[in-house]
Structures are given as structure tokens and as C-alpha cells.
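Coordinate analysis (summary)
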Amino acid sequence: LDRLEKERALLNDPPAFTKRSRIHAAADIMQALPRIRREPLARTLGITPQGAGYLIMQMRELTARRQDFAGQNRQSLL
């Protein structure tokens, strides 16, 4: 549970996303279903598969960047 809360907090650490961004909803879905592909994610969020792929890429980059700053090898959800 602690790991999930830390992953979710990554999105708000520096608030880099707008209120309209669907990154928060995507993060919730991706935490519940870590191996979800972009097509089902797109259908769930009501966006294009390209947009879902972009959200997945953003989450991976954010997780990797956080790993670099923390200096730890923790397992990513993605």
C-alpha cells in the first residue's frame, strides 16, 4: 500500500499536469491493471489509442525520473 501511495504521489509532487489531463485517471487504472495495453486504456478513458500510448509513456518517464532522483532500484508499476 505504501508503494502504491508513493506512485500516486508522483503525479502531484511538482504539479506538471493540467486539471484536464487524464493522467490521474490513467494512473489509477494502471495501478490496478499494470499490464494494460493502450487500446483498452483508450476505451476506458474515452480517448484515442495514440493518446493512451502517450499517457503510458508519460507515466513510465515519470517513474524512471523518480528512480534516478531517489537513487534506489525500486520496481515500477509499469
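Per chain, residues are indexed from 1 in the order of the written sequence. Note on the predicted model: pLDDT of at least 70 is required for a residue's local features to be given, and 80 or more for side-chain atom pairs to be given and counted; whole-chain, interface and lining totals, by contrast, use all residues. The side-chain numbers reported here are obtained from all heavy atoms of the structure, hydrogens and water having been left aside.

Turning to the overall build of the protein chain, a few remarks are in order. Put simply, DSSP marks the helices as runs of H or I at least four residues long and the strands as runs of E at least two long, and each gets a number from the N terminus on. The helix and strand tally for the protein chain stands at 4 helices and 0 strands. Burial status follows relative accessibility: with a 1.4 Å probe on protein chains alone, a residue under 20% of its type maximum counts as buried, one over 50% as exposed, and anything between as partly exposed. The buried share of the protein chain, reckoned over its 78 residues, is 26%. Residue pairs at least 24 apart in sequence account for 42% of intrachain contacts in the protein chain once pairs closer than 6 positions are excluded. Where accessible areas are quoted, they stem from the Shrake-Rupley method and a 1.4 Å probe; at the residue level, only the protein chains shown are allowed to cover. Here the protein chain has roughly 5600 Å² of accessible surface; of this, 51% comes from carbon and sulfur atoms. Note on definitions: a residue-residue contact is assigned when non-hydrogen atoms from the two residues lie within 4.5 Å.

Further remarks concern the environment of I56. In this fold, I56 is placed in helix α4 (residues 49-70). Put simply, I56 and R37 are 19 residues apart on the chain and 8.8 Å apart in space, counted from C-alpha to C-alpha.

Once that is clear, we can look at the nonpolar core. Taken as a class, soluble globular proteins show a tendency for nonpolar side chains to be buried jointly. In this description, a nonpolar core means a group of buried Ala, Val, Leu, Ile, Met, Phe, Trp, Tyr and Cys residues linked to one another through side-chain atoms lying within 4.5 Å. Counting 13 residues, the largest nonpolar core has A26, M30, L41 and L45 as the members making the most contacts within it. Those elements that place two or more of their residues in this core are α2 (23-32), α3 (38-45) and α4. Ignoring anything within four residues of it in the chain, the contact list for L41 reads A26, I29, M30, I36, A52 and I56.

A few words on the pattern of salt bridges. A pairing counts as a salt bridge when a side-chain nitrogen of Lys or Arg comes within 4 Å of a carboxyl oxygen of Asp or Glu. A full pass over the atoms with the stated rule returns 2 salt bridges. E39 is the partner of R37 in a salt bridge, and the nearest nitrogen-oxygen pair spans 3.6 Å. You can call R37 exposed: its relative accessible area is 55%. For E39, the salt bridge goes to R38, with nearest N and O atoms at 3.6 Å. Residue class for R38 comes out partly exposed when judged on its relative accessible area of 36%. Overlapping salt bridges bring together R37, R38 and E39 as one network.

To continue, consider α2. It helps to recall that an α-helix has 3.6 residues per turn; residues three or four apart then point in one direction. All of the buried residues along α2 are I23, A26, A27, I29 and M30. Projection of α2 onto a plane perpendicular to its axis shows the buried side chains occupying an angular sector of 170 degrees, all on one side. This arc corresponds to the set of directions leading from the helix axis out to the C-beta atoms.

With that settled, the discussion passes to α3. Residues of α3 that are buried: L41, A42 and L45. Along the axis of α3, the buried positions cluster into a sector of 100 degrees, meaning they face one direction only. Set apart from the buried face of α3 by more than 90 degrees, the exposed residues are R43 and T44. The first or second residue beyond α3 is G46, which carries a positive phi of 75 degrees.

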